[in-house]
Amino acid sequence: MKIAIIGTGNLGSSIAKGLIKNKSFTSLYLSDKNTSQVNEFVDEAYVTITNNNAAAVENSDVVIFALQPRHIEGVLKEIQPLITEEHVVMSVAAGFSIAKIEAILGEDKHIIRVMPNTAISIGKSMTCLSANLVGQLKIELAKTIFNQLGTTMVIPEEQIQAATVICASGIAFWMRLVRATTQGAIQLGFEAEEAHQLALQTCYGAASLLKESGRHPEAEIDRVTTPSGCTIEGLNEMEHQGLSSSLIKGITASFEKINQIKNS
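This structure is a prediction, so every number in the text was calculated from the model and none was measured. (Residues numbered from 1 in each chain as written. Predicted model: local features only at pLDDT ≥ 70, side-chain atom pairs only at ≥ 80, totals over all residues. Heavy atoms only, no water.)

## What to know about a nonpolar patch on the surface
So, point 1. Residues Leu188, Phe190 and Leu198 make up a contiguous nonpolar surface patch of roughly 320 Å² in combined accessible area.
So, point 2. When you line up the elements, Leu198 lands in helix α7 (residues 192-213). (Patch = residues over 30% accessible without salt bridge, like charges linked within 9 Å, V, L, I, M, F, W, Y side chains within 5 Å. Areas by Shrake-Rupley, 256 points an atom, 1.4 Å probe, with all protein chains shown as cover. Salt bridge = Lys/Arg side-chain N within 4 Å of Asp/Glu carboxyl O. Helix = DSSP H or I, 4+ residues; strand = E, 2+ residues; numbered from the N terminus.)

Below you can see the structure in the form of structure tokens.
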């Protein structure tokens, strides 16, 4: 499979790292006016680093546009004459709809919106996919690519904005919770390095437990809490201070912001 990634910022380079780690291509073009973030791949077999978007498109079957919303329209217009009915066009640009892409490339093109997160670089992304009518024919191909880089879910396009908040922005939300737990551990007397390890492994264990057991979070919480114990005391204090409501408010604030981007 011949793949091109146009835009090699944080997300584009993370996708590249995941693809290279899994050897998920026969050739990979990485195109950007500033290629500094992917210079580490210059000696990788079958990887070409370039600032020539046209060359990347012409030498690829799958073109992944990992660009910011304000940049993608100009680049799509630039390469529009080169996109054929054989190409599969994937976009990770938040707020840039399939309809906008179709308006530039045509409704007859295979177009898939992809919303991964930066954990894709280590093969642990939650990636949501949504396609236009023609793109539905290539959705299994998209799943094949991104299932090697984590887990995929096919959703209606109207849910892509919400998925961006939960999965892409969500990485930062979980990082902040880990940091807060680390700070709490330091306050209780652990050294910073120890506190970070304790918080990180406990977070990883909680997520793994839920994933492997299939149980609801409250069922696992019930297994930890005992009557009049320290766990329920801590949980109740967190709820009194607004832990759950703050998280939900943060999620909805992000959702409102991304909708502003979409409508701008």
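## What to know about the side chain of Asn132
So, point 1. Of note, Asn132 is situated in the loop between β7 (125-131) and α5 (139-147).
So, point 2. For Asn132, the side chain forms a polar contact with the main-chain nitrogen of Gly135, separated by 2.6 Å.
So, point 3. The contacts of Asn132, once residues within four sequence positions are left out, are Ile98, Glu102, Glu107, Lys109, His110 and Ile111. (Polar contact = N/O pair within 3.5 Å; in protein donor to acceptor, adjacent residues only side chain to side chain. Contact = heavy atoms within 4.5 Å.)

## Describing helix α4 (residues 98-105)
At 3.6 residues per turn, the α-helix brings residues three or four places apart onto the same side.
So, point 1. Turning to α4, its buried residues number three or more, namely Ile98, Ile101, Glu102, Ile104 and Leu105. On an axial view of α4, the arc spanned by its buried residues comes to 165 degrees, and they lie on one face.
So, point 2. At its buried positions, α4 is contacted by α3 (69-79), β5 (88-91), β6 (110-115) and β7.
So, point 3. Of the residues one or two after α4, Gly106 is the one with positive phi, at around 110 degrees. (Buried < 20%, exposed > 50% of the residue type's maximum accessible area, 1.4 Å probe, protein only. Arc of directions from axis to C-beta.)

## Let's talk about the UniProt feature "domain: Pyrroline-5-carboxylate reductase dimerisation" (unreviewed entry) in the protein
So, point 1. The feature "domain: Pyrroline-5-carboxylate reductase dimerisation" (unreviewed entry), as given by UniProt, occupies residues 157-260 in the numbering adopted here.
So, point 2. This span, residues 157-260, is 84% helix and 0% strand, and a straight line between its end C-alpha atoms measures 16 Å. (UniProt positions renumbered as here; feature names shortened; annotations may be inferred.)

## Thoughts on the pairing of β7
Put simply, side chains in a regular strand alternate between the two faces of the sheet.
So, point 1. Of all seven residues in β7, six are buried, a share of seventy percent or more.
So, point 2. Across four bridges, the pairing between β6 and β7 is antiparallel. Pairing of Ile112 across the sheet is with Ala131, part of β7.
So, point 3. With five bridges connecting them, β7 and strand β8 (residues 150-154) associate as parallel partners. Bridge pairing in β8 links Ser125 to Gly150.
So, point 4. On the question of chirality, the crossover connecting β7 to the parallel β8 by way of α5 is right-handed. (Pairing = 2+ DSSP bridges. Right-handed = clockwise from strand over helix to strand, strands pointing away.)

## Things to note about the UniProt feature "binding site: NADPH" (unreviewed entry) in the protein
So, point 1. Here, UniProt's "binding site: NADPH" (unreviewed entry) annotation points to Asn53.
So, point 2. With respect to the helices and strands, the residue Asn53 is situated in helix α2 (residues 53-58).
So, point 3. Sequence-distant contacts of Asn53, defined by excluding residues within four places in its chain, comprise Ile6, Ser31, Val75, Glu78 and Ile79.
So, point 4. Looking at Asn53, its side chain comes within polar contact range of the side chain of Ser31, at 2.5 Å.

## As for unusual backbone geometry
So, point 1. For Tyr46, which is not glycine, the phi dihedral falls at a positive 65 degrees.
So, point 2. Unusually for a residue other than glycine, Ser228 sits at a positive phi of about 60 degrees.
So, point 3. Position of Ser228 relative to the elements: it lies in the loop between α8 (217-224) and α9 (230-240).

## Describing the environment of Ala56
So, point 1. Of note, Ala56 is situated in helix α2.
So, point 2. Remark: the alpha-carbon pair of Ala56 and Ala94, spanning 38 residues in sequence, is separated by 22 Å.

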